[in-house]
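Chain residues, written in single-letter form:
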Amino acid sequence: MTASPSPSRKPLYRRLYFQVLAAIALGALFGWLEPQAAAQDWVKALGDGFVKLIKMAIAPIIFCTVVSGVAHIEDARKVGRVGLKALVYFEIVSTFALALGLIVGNLWQIGAGFAGKPDPSAIAKYTALAEKRGAVEFLLDIIPESALGAFAKGDILQVLLFSLLFGFALLTLGERGRALRVFIDDAGHAMFGVIAIIMKAAPIGAFGAMAYTVAKYGSAALYSLMGLIGAFYLTAALFVVLVLGLIARVAGFSIFRLLQYLRDELLIVLGTSSSESALPALMEKLQRLGCSQSVVGLVVPTGYSFNLDGTNIYMTLTTLFIARAMGVELDLSHQATILVVAMLTSKGASGVSGAGFITLAATLSAVDPQLAPGMSLVLGVDKFMSECRALTNFIGNGVAAIVVAHWEGELDRTQLESGLARRIDPSDLATAVATE
């Protein structure tokens, strides 16, 4: 059997990461030079439309991936074991993220001397939503009103719950469910093909989202809160390099190689400020790295609600900033409360529009109600910070899936090394899917 010739390397201008990077730069330039034109609804629609196209396919992909993974598991107890390992990992790493945010915030003395007055009316809608999103409401919201309703709403946890139940039911059918399993496997490949087609529009979406963001929020708000933004980006970078980097090293791979492998998706997340825009591609690439389908199908969708490292860093840093800016002293007991409360509230706003800000409102209200109006101080730059939140969340979930696959003994080391060394070109998902 003769080995197939290696595909010729694409020219740079045809590579997705270069196209998206160029689109982000052009979008920022357009928003800066022509703010009135870039703030038009049609520019915003370019970014929103791309994200909606991706979200359209997320629920079917999660369903097919999870059902197929569960239905092919011989030991049903494995699902619970993988889920428990993932949740333990999420909580441990989230605690590190929260603690790192507090450490940097205290060392930096972030918010000290800031001149600004809070405007409670500006954040009223966020505090109202936060009050309605308690632990009981969060747990009840995991259960969809109907099976079809979960797909129509696009709630990741609701789709995950139904997919797990359906997968277990298909598992119990044995040989009678073989035809349905084959159909779901084929449907999953087809949905990844749909994503490959949608990804062709990623540069357009990134251009529109970046141009509108720069034009709408402008440089004035950005400059006035540069200290907070700088501290947040620095802390997120430290978390990825030090915390996730150490975890990756223990698991036997390099965090920097993983970032290089996921560069296309990282740029898409940066351009759209949404980690969901790259969720399907992340699941596909993790499987190509040697992670089993069942582990990827369970860990990644769950992580999008329970493993929000970037959001955790954002909450601790921003809480300290608001407290100091308002002249409220938070002692060690208050900061310990932030750790506990933020660990819970980061799950409570999952799947809600403006989740990061709603989560912050819930945290501030629980720590000290007088801090809640201070959210208006950071409202103008939240959009710039959401990009870093999304990037950190995305990277954290990629690492989590590989680590859990390693723990389960379901990580193909040869495939992992080949993928991270770029001996396997993952850039053209359409070709990869079409040949399977």
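Residues numbered from 1 in each chain as written. Predicted model: local features only at pLDDT ≥ 70, side-chain atom pairs only at ≥ 80, totals over all residues. Heavy atoms only, no water.

(A) The arrangement of the overall build of the chain in detail. For the chain, the count of helices and strands is 21 helices and zero strands. Across the chain, the fraction of contacts at a sequence separation of at least 24, relative to all contacts at a separation of at least 6, is 84%. In the form shown here, the chain has an accessible surface area of approximately 19300 Å², with 64% of it arising from carbon and sulfur atoms. (Helix = DSSP H or I, 4+ residues; strand = E, 2+ residues; numbered from the N terminus. Contact = heavy atoms within 4.5 Å. Areas by Shrake-Rupley, 256 points an atom, 1.4 Å probe, with all protein chains shown as cover.)

(B) Geometry of helix α9 (residues 178–198). For α9, which comprises 21 residues, the first-to-last C-alpha distance of 31 Å matches the rise-based estimate of 30 Å (1.5 Å per residue) to within 8%. Within α9, burial applies to R181, I184, G188, M191, F192, G193, I195, A196 and I198. (Expected span 1.5 Å × (residues − 1). Buried < 20%, exposed > 50% of the residue type's maximum accessible area, 1.4 Å probe, protein only.)

(C) Local environment of the packing of helix α8 (residues 156–173) against helix α15 (residues 293–306). Viewed as axis vectors pointing N to C, α8 and α15 meet at an angle of 150°, and their least axial separation amounts to 9 Å. Here α15 runs roughly antiparallel to α8, going by the angle between their axes. Where α8 crosses over α15, the handedness of that crossing is left-handed. Residues I156, L157, L160 and L164 of α8 pack against G297, L298, P301, T302, Y304, S305 and F306 of α15. For the contact of α8 with α15, the class distribution of residues is eight nonpolar, three polar and no charged. (Axes fitted to C-alpha atoms, helices over the stretch in contact; angles between N-to-C directions. Parallel < 35°, antiparallel > 145°, perpendicular 65-115°, else oblique. Left-handed = near helix turned anticlockwise from the far one by under 90°. Nonpolar A, V, L, I, M, F, W, Y, C, P; charged D, E, K, R; others polar.)

(D) Structural view of the packing of aromatic side chains. Throughout the structure, instances matching the rule amount to ten aromatic pairs. Aromatic side chains F63 and F151 sit 5.6 Å apart centroid to centroid with 70° between the ring planes, which places their arrangement in the edge-to-face category. A residue pair is termed long-range when its members are at least 10 positions apart, and F63 in helix α3 (residues 41–71) and F151 in helix α7 (residues 147–153) qualify at 88 residues. With relative accessibility at 14%, the residue F63 sits in the buried group. Between Y89 and W407, the aromatic rings sit 6.0 Å apart at their centres with planes inclined by 75°, giving edge-to-face as the arrangement. With Y89 in helix α4 (residues 77–108) and W407 in helix α19 (residues 382–407), this residue pair connects regions lying 318 residues apart in the sequence. (Phe/Tyr/Trp six-rings, centres within 6.5 Å; stacked < 30°, edge-to-face > 60°.)

(E) A look at the confidence of the model for the chain. Mean pLDDT over the chain stands at 80; residues scoring 70 or higher make up 82%. Across the chain, the secondary-structure element scoring lowest on mean pLDDT is helix α21 (residues 429–434), at 42, and the one scoring highest is helix α12 (residues 255–261), at 95. Low pLDDT, under 50, characterises residues 348–353; the predicted model gives this stretch 13 contacts beyond four residues in sequence or across chains. (pLDDT = per-residue confidence, 0-100.)

(F) Representation of the pattern of salt bridges in the model. Across all of its chains, the model carries seven salt bridges by this definition. A salt bridge links E276 to K55; the nearest nitrogen and oxygen atoms lie 3.7 Å apart. Taken together, the positions of E276 in the loop between α13 (263–272) and α14 (279–288) and K55 in helix α3 put the pair 221 residues apart, joining distant regions of the chain. For K55, a relative accessible area of 44% translates into the label partly exposed. Taking the shortest distance from any N to any O, the salt bridge between E408 and R81 comes out at 3.0 Å. Linking E408 in the loop between α19 and α20 (413–420) with R81 in helix α4, this pair joins segments that are 327 residues apart in sequence. Take E408: its relative accessible area is 13%, and that puts it in the buried class. Given a relative accessible area of 36%, R81 falls into the partly exposed group. (Salt bridge = Lys/Arg side-chain N within 4 Å of Asp/Glu carboxyl O.)

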